[in-house]
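# Fold and contact review
Here is what each chain is made of, one letter per residue.
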Amino acid sequence: MAARSIASLSLSFGLVSIPVKLYSATESSEGIHFNFLHKCGSRVKQQYICVKENIPVERSEMVKGYEFEKDRYVMFEPTELKALEEGSRHTIDIVSFVPLASVDPIYYDKAYFLAPDKRGAKPYGLLMDAMRESGRCALATWAWKGKQYVAQVRPGEGGLVLQQLLYADEVRSINELEIERVEAKPTELKLALQLIEQICVDRYDPSAFKDEEKERVKAAIDEKIAGKQIVMAEQPQSAAAGGGQVIDLMEALRASLGGGKGGPRAVAAKVPAKAAPTPARKEAEAAAPPAVQERKAPKRAAGKTVGATPAPARARAAK
C-alpha cells in the first residue's frame, strides 16, 4: 500500500521556504489482545453512563467539554473544536542548527518523514546534504492540532526526519535516583573495554531483533485452540534467590574473555552447583513416596553393598 501523507507543510528558515509533505514514520505493531467475555462465552459491551441521571448515553448524544473547576465544565460544539484545530500553523519554523549529537535521545518523541512536495526537490536535497556535511541538525517549532512542538529535523538515510521532542518538564532527571558513583580501577576498566570490544558491531540492525515473547504467546494460544492446557513455564532461579555466591566482577570479566587462572571453568567451580536444601525441602523429601526415596538412595554396585566388608574378608578376620 502506498504511503499516504498526513499534511502538506512548509519547512522554513530565513527567506527559504521548502514545500514538504508529512508522513508517519512508525506504525503500531499488531499486538495480541484478549477480549472481555461473560462466563457463557459471549462478548460484553461497554456503555457510557450519565453520572447525574444514571442512564446510558449514546455517542450521538455526547459533547466534549473542558473541566475548569471541580465538576464544572465548559462545553464545545464540533464547529468550535474544529476552529481550535485550524489554528495550527502549516509551517515548520527552523530556529537554529546544532550538532547532531547535542540532542539527547531521551527527548525523542514521535517521528515523521518529510518528503519534498511540488517544486521542492532541489532545495530539499540541498538542505539535507548541507546538514549531513556539517554534522548538524535543525531545531524547529511546529504547531499541530492545538499543541506547539519543539522538533528536530535531521538527515536520514534517504530523506529528512522530523522528530518531535519532549519539553524539559516532560523528562525526569536521573539525578532524582541519587545513584552512587564508584570509580573503576584502570585494570577493571581495561577488562570491561576488552569485553565490549569482543561483542561490538558497527551499526544497529533492527531486523536482527524479533519479538520472541509475542511469538511465545501466539504459540501458546495455538495450543489452547487445539484443546491443550497452558502450563506456566518454570522460571530460572537467580543466584540471590537460590543462595548462590556472587562472582567477583573481575573474575567474571576474565571468564567472559577466556582469561584468568583456569578460564571460565575456574570461576564456575567457585559457584556451588546447587543451593543447600532448605528445611522445607528436607521435609518434602522425607514425605516423598518410597519409589522416589529409592531413587535418591546411594548408588549400589552390582552384587555389593556400599560401605560393607566383603564376605571373604569377614571370613579371614574371623580366623
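In case you missed it, the structure is sitting above this.
First, a word on scope: everything that follows refers to the structure included in this document. Just so we're clear, the structure is a prediction, and the values are computed from it rather than from any experiment.

Attention now goes to the overall build of the chain. Helices and strands together make up the secondary structure of the chain, namely 10 helices and 11 strands. Split into buried and exposed, the 319 residues of the chain put 17% on the buried side. Partitioning the contacts of the chain with sequence separation of at least 6, the portion at a separation of at least 24 is 60%. Taken as a whole, the chain presents about 26,600 Å² of accessible surface, with 56% of it coming from carbon and sulfur.

On to the layout of surface pockets. The space that makes up the largest pocket amounts to roughly 300 Å³. The wall of the largest pocket is formed by Tyr48, Ile49, Cys50, Val51, Lys52, Glu53, Val57, Glu61 and Met62. Here the lining of the largest pocket is built from residues that sort into six nonpolar, no polar and three charged.

Attention shifts here to the nonpolar core. Residues Leu11, Ile92, Leu114, Trp142, Val153, Leu160 and Leu162 are the most contacted members of the largest nonpolar core, which totals 23 residues. Looking at this core, the elements that each hand over two or more residues are β1 (7-13), β2 (16-24), β7 (91-99), β8 (108-116), α2 (121-134), β9 (136-144), β10 (147-155) and β11 (160-165). Once you skip the residues sitting within four places of it in the chain, Trp142 turns out to touch Leu9, Leu22, Arg89, Thr91, Ile92, Tyr112, Lys147, Gln148, Tyr149, Leu162 and Gln164.

Bringing the environment of Leu22 into the picture now. Among the secondary structure elements, Leu22 is positioned in strand β2. Linking Leu22 and Leu114, residues 92 residues apart in sequence, is a C-alpha distance of 5.1 Å. Contact partners of Leu22, with chain neighbours within four places excluded, come to Ser5, Ile6, Ala7, Leu9, Tyr112, Phe113, Leu114, Trp142 and Leu162.

Throughout the structure, instances matching the rule amount to five aromatic pairs. Plain terms: the ring middles of Phe13 and Phe97 are 5.9 Å apart, the flat faces sit at 85° to each other, and that makes the pair edge-to-face. Pair noted here: Phe13 is in strand β1 and Phe97 is in strand β7, with a separation of 84 residues, a long-range link. Exposure remark for Phe13: the relative accessible area of 23% places this residue in the partly exposed category. Ring geometry for Tyr112 against Trp142: centres 5.8 Å apart, planes inclined by 85°, an arrangement best described as edge-to-face. Of the two residues, Tyr112 sits in strand β8 while Trp142 sits in strand β9, which places them 30 residues apart along the sequence. Exposure remark for Trp142: the relative accessible area of 0% places this residue in the buried category. Taking the ring centre of Tyr112 as reference, the NZ or CZ of Lys110 above it sits at 5.5 Å.

In this structure, Asp104 sits in the loop between β7 and β8. Look at Asp104 and you get partly exposed, because its relative accessible area is 41%. Through-space distance from the C-alpha of Asp104 to that of Leu165 is 9.8 Å; in sequence the pair is 61 residues apart.

On to the sheet that holds β8, then. Strands in a sheet are paired, the pairing made by backbone hydrogen bonds, and the direction either parallel or antiparallel. Taken together, seven strands build a closed barrel; the order of strands is β1-β2-β8-β11-β10-β9-β7 and the barrel is mixed. This sheet shows a mean twist of 40° between the axes of neighbouring strands, independent of strand direction. Note: β1 against β7, three bridges, orientation parallel. The residue of β7 that forms the bridge with Ser12 is Asp93.

Consecutive side chains of a regular strand alternate in pointing toward one face of the sheet and then the other. Summarising the sheet, β9 and β10 pair through seven bridges and their orientation is antiparallel. Residue pairing across strands places Leu139 opposite Gln152, the latter belonging to β10. Where β9 folds back onto β10 in an antiparallel hairpin, the turn is made up of two residues, including Lys145, whose phi is positive at roughly 55°. As paired strands, β10 and β11 are joined by six bridges and run antiparallel to one another. Following the sheet pairing, Ala151 is matched in β11 by Gln164.

Our focus in this paragraph is the pattern of salt bridges. Pairs can form between side chains of opposite charge once their charged atoms are near each other. Applying the stated criterion to the full structure yields seven salt bridges. In this structure, Glu170 engages Lys147 in a salt bridge whose closest nitrogen and oxygen atoms are separated by 3.7 Å. One end of the pair, Glu170, is in the loop between β11 and α3 (186-198); the other, Lys147, is in strand β10, and 23 residues separate them in sequence. Residue Glu170 is classed as partly exposed on the basis of its relative accessible area, which comes to 39%.

What follows covers unusual backbone geometry. For Asp71, which is not glycine, the phi dihedral falls at a positive 60°. Assignment of secondary structure puts Asp71 in the loop between β5 (64-69) and β6 (72-76). Residue Asp71 is classed as exposed on the basis of its relative accessible area, which comes to 55%. The residue Arg119 is not glycine, and still its phi comes out positive at about 60°. Here Arg119 lies in the loop between β8 and α2.

What counts and what doesn't
- Residues numbered from 1 in each chain as written.
- Predicted model: local features only at pLDDT ≥ 70, side-chain atom pairs only at ≥ 80, totals over all residues.
- Heavy atoms only, no water.
- Helix = DSSP H or I, 4+ residues; strand = E, 2+ residues; numbered from the N terminus.
- Buried < 20%, exposed > 50% of the residue type's maximum accessible area, 1.4 Å probe, protein only.
- Contact = heavy atoms within 4.5 Å.
- Areas by Shrake-Rupley, 256 points an atom, 1.4 Å probe, with all protein chains shown as cover.
- 1 Å grid on protein atoms, 1.4 Å probe; cavity = no way out; pocket = protein on both sides within 12 Å on 5 of 7 lines; lining within 4 Å.
- Points joined across faces, edges and corners; volume = space filled by probe spheres on them.
- Nonpolar A, V, L, I, M, F, W, Y, C, P; charged D, E, K, R; others polar.
- Core = buried A, V, L, I, M, F, W, Y, C linked by side-chain atoms within 4.5 Å.
- Phe/Tyr/Trp six-rings, centres within 6.5 Å; stacked < 30°, edge-to-face > 60°.
- Lys NZ or Arg CZ within 6 Å of the ring centre and 35° of its normal.
- Pairing = 2+ DSSP bridges.
- Axes fitted to C-alpha atoms, helices over the stretch in contact; angles between N-to-C directions.
- Salt bridge = Lys/Arg side-chain N within 4 Å of Asp/Glu carboxyl O.

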